[in-house]
Amino acid sequence: MAPKYKLTYFNLRARAETARLLFAAAGVEYEDFRVEFGGGPPSEQWKELKPKTPMGQLPLLEVDGVTLCQSMSIARFVARETGLDGKTSLEKAQADMIVDAVEETLNKIYATMFGTDESKAQAKKVLETAVPEFLKNMEKLAGPDGHFVGDSLTWADVRFFDLASEMMAKHADLLENFPNLTKVVDTVKANSGVAKWIAKRPETPF
Amino acid sequence: GVHCGACRKMSVYELHYFNNRGRAEPARLLFAAAGLPYRDIRIQSEQWPEYKLKLPMHQVPVLEVDGTMICQSVAIARYVAKVTGHAGKTDLEQAKVDMLVDGIDDVMTKKGDYVWHEKDETRKMEKKTAFYETTLPQFLSHFEKLLRTNNGGDGFLVGEGLTHADAWFLCLADDILLDFPDIFSPYPKLAALVERIRTYPGIKEWLAKRPQTPF
């Protein structure tokens, strides 16, 4: 029987990886469909698929005949389906706000990678103050037990881990002065589903 | 107020923001639609340097719920929608609402880029032109199509009733209509949706009495 969920994205981690990590953490099967990523001009595969998508973008999640788009809406839905979105409405809102903050910072990082030379330079300057500020705020919100919300794993932890591990690949000491955040990262890394996925996932540039 | 079933106590809501619509207005619309009382705090700019230090991410809006602070405008609006029954009925419906809100948020952020972050006047005009010639029409045509997939497009964006996606959409509409009053003429279903949200009970009264601010 085909898996209930089909996740479509480029052959990259980027904006689909949080959903993939959540499926892995919960041990839930899904179809991990990867569209060719040209790295420059769009692939033929993407050119054909794009007009069929709700907003001309990836990732997509297909479930029960519905096609969802927007990476964080998809991730939130997967978190809900796998019981990783927080226990009460307020806890869910707290998880949401953590994820939104990560998204804000990620977009600032992308702004240093895509655009004109001038906009990229400007974005780099913004990042210099934005990242320390972000980490300081997140450290306060994380608490000492390895979770951002409540007392168990939520998608907020996984989302933060996703961003942090990407950043730490280039700056290994990123969280050296942030013990609470280090605990969050270690807790997610120690999840057996996550560990297995990371060991076997395709190698991609980002 | 809302009765918490377990403790039979009314929750106290305080929304902290500046004196404008900006990123707090979707939550205000949702409170209004539900007739749910809240403290609509509007911070003066002189207070801001000290005020922000007590906020979780030094940003507004912040919604305080019985003393717990939630920040991030989209998370706040989603929470108010949940509490007032405007989040979407099933998990899948809620995800559809979420994805539309994300689409609107993306467009608002792109607009904010040139309005607030671009200092060079020539580049600002170039970006504004690109926004109105390319970005926004692409977005509006996706949304007209998405709206039409829901009961022919004669109701709200998702499901049977008002959701926070509609609240966000009205806020975007208010903003772009200031630049181009006929922006919706190619998109009749979206134009009708805007009117439908504007006349929604509770929202209608709020629109008539809310502080008039430029944005």
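Each remark here, short or long, concerns the structure printed above.
Source: prediction; values computed, not measured.

Draft legend 1. Quick look at unusual backbone geometry. Here the amide bond leading from Leu58 of chain A into Pro59 of chain A is cis, since omega sits at 5 degrees, within 30 degrees of zero. On the secondary structure map, Pro59 of chain A appears in the loop between helix H2 (44–49) and strand E3 (60–63). The residue after Val60 of chain B, namely Pro61 of chain B, is reached through a cis peptide bond having omega 5 degrees. Of note, Pro61 of chain B is situated in the loop between helix H2 (48–51) and strand E3 (62–65). With a phi close to 50 degrees, Asp64 of chain A is a non-glycine residue in the positive phi region. On the secondary structure map, Asp64 of chain A appears in the loop between E3 and strand E4 (66–69). In this structure Asp64 of chain A comes out as exposed when scored by relative accessible area, which is 58%. With a phi close to 50 degrees, Asp66 of chain B is a non-glycine residue in the positive phi region. Structurally, Asp66 of chain B is set in the loop between E3 and strand E4 (68–71).

Draft legend 2. Main features of the interface of chain A and chain B. Listed as interface residues are 35 residues of chain A and, on the opposing side, 31 residues of chain B. When chain A packs against chain B, the two sides together hide about 2700 Å² of surface, and 57% of this comes from carbon and sulfur. Among the residues of chain A in contact with chain B, Met55, Arg80 and Met97 of chain A are the three that bury the most area, contributing 21% of the side total. For the interface between chain A and chain B, the tally reads three salt bridges. Among the ionic pairs, Arg76 of chain A bridges to Asp98 of chain B, the shortest N-O distance being 2.9 Å. Counting across the interface, chain A meets chain B through 10 residue pairs in polar contact (both at pLDDT 80 or more). When contributions to the side of chain A that touches chain B are tallied by element, the ones reaching two or more residues are E4, helix H3 (71–81), helix H4 (89–111) and helix H5 (117–142) of chain A. In terms of residue count, the dominant contributor to the side of chain A that touches chain B is H4 of chain A (11 residues). For the side of chain A that touches chain B, a count of residues per class yields 15 nonpolar, nine polar and 11 charged.

Draft legend 3. Inspection of the packing of aromatic side chains at higher detail. Under the counting rule described, the total for this entry stands at 21 aromatic pairs over all chains. Seen in terms of ring centroids, Phe37 of chain A and Phe206 of chain A are 6.1 Å apart; in terms of plane orientation they differ by 90 degrees. Their pairing is edge-to-face. In this pair, Phe37 of chain A sits in the loop between strand E2 (31–35) and H2 while Phe206 of chain A sits in the segment after helix H8 (192–200), placing the two residues 169 residues apart along the sequence. Ring geometry for Tyr132 of chain B against Phe180 of chain B: centres 4.6 Å apart, planes inclined by 65 degrees, an arrangement best described as edge-to-face. In this pair, Tyr132 of chain B is assigned in helix H5 (residues 121–148) and Phe180 of chain B in the loop between helix H6 (164–179) and helix H7 (188–198), connecting sequence segments 48 residues apart. Classification of Tyr132 of chain B by relative accessible area gives buried; the value is 10%. An aromatic cluster of three or more residues is present, and its members are Tyr9, Phe10, Phe37, Trp46 and Phe206 of chain A. The ring of Phe33 of chain A is capped by Lys6 of chain A, whose NZ or CZ atom sits 4.6 Å from the centre of that ring. Sitting over the face of the ring of Tyr51 of chain B, Lys54 of chain B holds its NZ or CZ atom 4.3 Å from the ring centroid.

Quick notes on the rules
Residues numbered from 1 in each chain as written. Chains lettered and ligands numbered in written order. Predicted model: local features only at pLDDT ≥ 70, side-chain atom pairs only at ≥ 80, totals over all residues. Heavy atoms only, no water. Helix = DSSP H or I, 4+ residues; strand = E, 2+ residues; numbered from the N terminus. Buried < 20%, exposed > 50% of the residue type's maximum accessible area, 1.4 Å probe, protein only. Contact = heavy atoms within 4.5 Å. Buried area = accessible area lost by both parts, 1.4 Å probe. Salt bridge = Lys/Arg side-chain N within 4 Å of Asp/Glu carboxyl O. Polar contact = N/O pair within 3.5 Å; in protein donor to acceptor, adjacent residues only side chain to side chain. Nonpolar A, V, L, I, M, F, W, Y, C, P; charged D, E, K, R; others polar. Phe/Tyr/Trp six-rings, centres within 6.5 Å; stacked < 30°, edge-to-face > 60°. Lys NZ or Arg CZ within 6 Å of the ring centre and 35° of its normal.

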